[in-house]
Amino acid sequence: MKDLSNTIPGYRVYEYLLVLSPHEELRNKIMGVKKDFYDKYQAETARWGKPHITLVNYLQYEMMEDKILQHLKTIAMGYHPIKIELKDYGSFPSHTIYINITSKVPIQSLVKQIRTETQRLMKLNDDNKPHFILEPQITIARRLLPWQYEKGWLEYSHKNFTGRFIADSMLLLKRPVGTLKYEIAKRFEFENLPVAIKQGDLFGA
């Protein structure tokens, strides 16, 4: 549970996820893997959540949203579409099984840029700092019980998976803290524009 004891009363706190999403066909393929995992190992976390690559996860007051949206828009305008290659499975021992991403560098570069330019804005307080994901992956199931992880990883460490997609945008998802369902706050297209143009566009220069 998130510790919100140190927040300002009367102001709504949201949980935000900034993600890259695969196209529909690949998303459906991954959902099939998640369903199979659930059917075999009854892992609840495999059932819900659309497949995505998380870039940042943070808590913040809703009143900060517009400012963060402006910064993310500027970053996306200057960033290029990313070719993403998926291959086979990996795990975080004892609790998570995921699909490997072999083309990590452009995603890591994007996360580092977001961290440099928005970290201060995304920090709610000292107890709730933004979490920047520098080991990108697509989760199949997490928070696994020891038996689910051991049996699941025994099987999936030998399985194959391949997929690829072009991420031409990133999505900011949001939900009130304590609720389950995320909604889309904003989509940011990667436009690969020169810096001078994107700044002129933003500030009306």
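Refer to the structure presented above.
Fair warning: this is a prediction, and the values are worked out from it, not measured in the lab.

1. Some words on the pattern of salt bridges
In step 1: One pass over the structure, following the stated rule, counts twelve salt bridges.
In step 2: Between Lys 174 and Glu 62 there is a salt bridge whose closest N-O contact spans 3.1 Å. Linking Lys 174 in strand β8 (residues 169-176) with Glu 62 in the loop between β2 (53-61) and α2 (65-78), this pair joins segments that are 112 residues apart in sequence.
In step 3: Judged by relative accessible area, which is 29%, Glu 62 ranks as partly exposed.
In step 4: One salt bridge connects Lys 87 with Asp 88, and the closest N-O pair in it is separated by 3.6 Å.
In step 5: What you see here is one network of salt bridges that share partners, running through Lys 40, Glu 155 and Lys 159.

2. Brief notes about the pairing of β2
In step 1: Of all nine residues in β2, nine are buried, a share of seventy percent or more.
In step 2: Bridging between strand β1 (residues 13-20) and β2 involves eight bridges; their strand directions are antiparallel. Bridging from a neighbouring strand, Leu 18 pairs with Val 56 of β2.

3. A look at the sheet that holds strand β4 (residues 96-101)
Backbone hydrogen bonds are what pair the strands of a sheet, in a parallel or an antiparallel way.
In step 1: Strands sit in the order β6-β4-β3-β7 across an open sheet of four strands; the sheet is antiparallel. Since the sheet does not close on itself, it has two edges, and those belong to β6 (138-141) and β7 (162-167), each with one partner. Averaged over neighbouring strand pairs, the angle between their axes works out to 35 degrees when direction is ignored.
In step 2: Examined bridge by bridge, strand β3 (residues 82-92) and β7 share six bridges and lie antiparallel to one another. Bridge pairing links Glu 85 to Arg 164 in β7.
In step 3: Its contacts with the sheet place helix α1 (residues 24-41) against β3, β4, β6 and β7, and it is angled at close to 30 degrees to β6.

4. As for the environment of Pro 22
In step 1: Assignment of secondary structure puts Pro 22 in the loop between β1 and α1.
In step 2: Sequence-distant contacts of Pro 22, defined by excluding residues within four places in its chain, comprise Arg 27, Ile 30, Pro 51, His 52, Ile 138 and Phe 165.

5. Quick notes on the side chain of Lys 174
In step 1: The exposure class assigned to Lys 174 is buried, which follows from its relative accessible area of 7%.
In step 2: With residues up to four places along the chain from it excluded, the contact list for Lys 174 reads Tyr 14, Glu 15, Tyr 16, Glu 62, Glu 65, Lys 181, Tyr 182, Glu 183 and Ala 185.

6. Thoughts on a nonpolar patch on the surface
In step 1: Together, Ile 8, Tyr 11 and Met 63 make up a nonpolar patch on the protein surface, roughly 310 Å² of accessible area in all.
In step 2: Turning to its location among the elements, Met 63 is positioned in the loop between β2 and α2.
In step 3: For Met 63, a relative accessible area of 52% corresponds to the exposed category.

7. With respect to unusual backbone geometry
In step 1: In the Ramachandran plot, Asp 88 falls in the positive-phi region, its phi being about 60 degrees despite a non-glycine side chain.
In step 2: Here Asp 88 shows up in strand β3.
In step 3: Backbone geometry places Asn 192, a non-glycine residue, at a positive phi of 55 degrees.
In step 4: The residue Asn 192 is located in the loop between β9 (183-189) and α5 (195-203) in this model.
In step 5: For Asn 192, a relative accessible area of 49% gives the class partly exposed.

Thresholds, definitions, all that
Residues numbered from 1 in each chain as written. Predicted model: local features only at pLDDT ≥ 70, side-chain atom pairs only at ≥ 80, totals over all residues. Heavy atoms only, no water. Salt bridge = Lys/Arg side-chain N within 4 Å of Asp/Glu carboxyl O. Helix = DSSP H or I, 4+ residues; strand = E, 2+ residues; numbered from the N terminus. Buried < 20%, exposed > 50% of the residue type's maximum accessible area, 1.4 Å probe, protein only. Pairing = 2+ DSSP bridges. Axes fitted to C-alpha atoms, helices over the stretch in contact; angles between N-to-C directions. Contact = heavy atoms within 4.5 Å. Patch = residues over 30% accessible without salt bridge, like charges linked within 9 Å, V, L, I, M, F, W, Y side chains within 5 Å. Areas by Shrake-Rupley, 256 points an atom, 1.4 Å probe, with all protein chains shown as cover.

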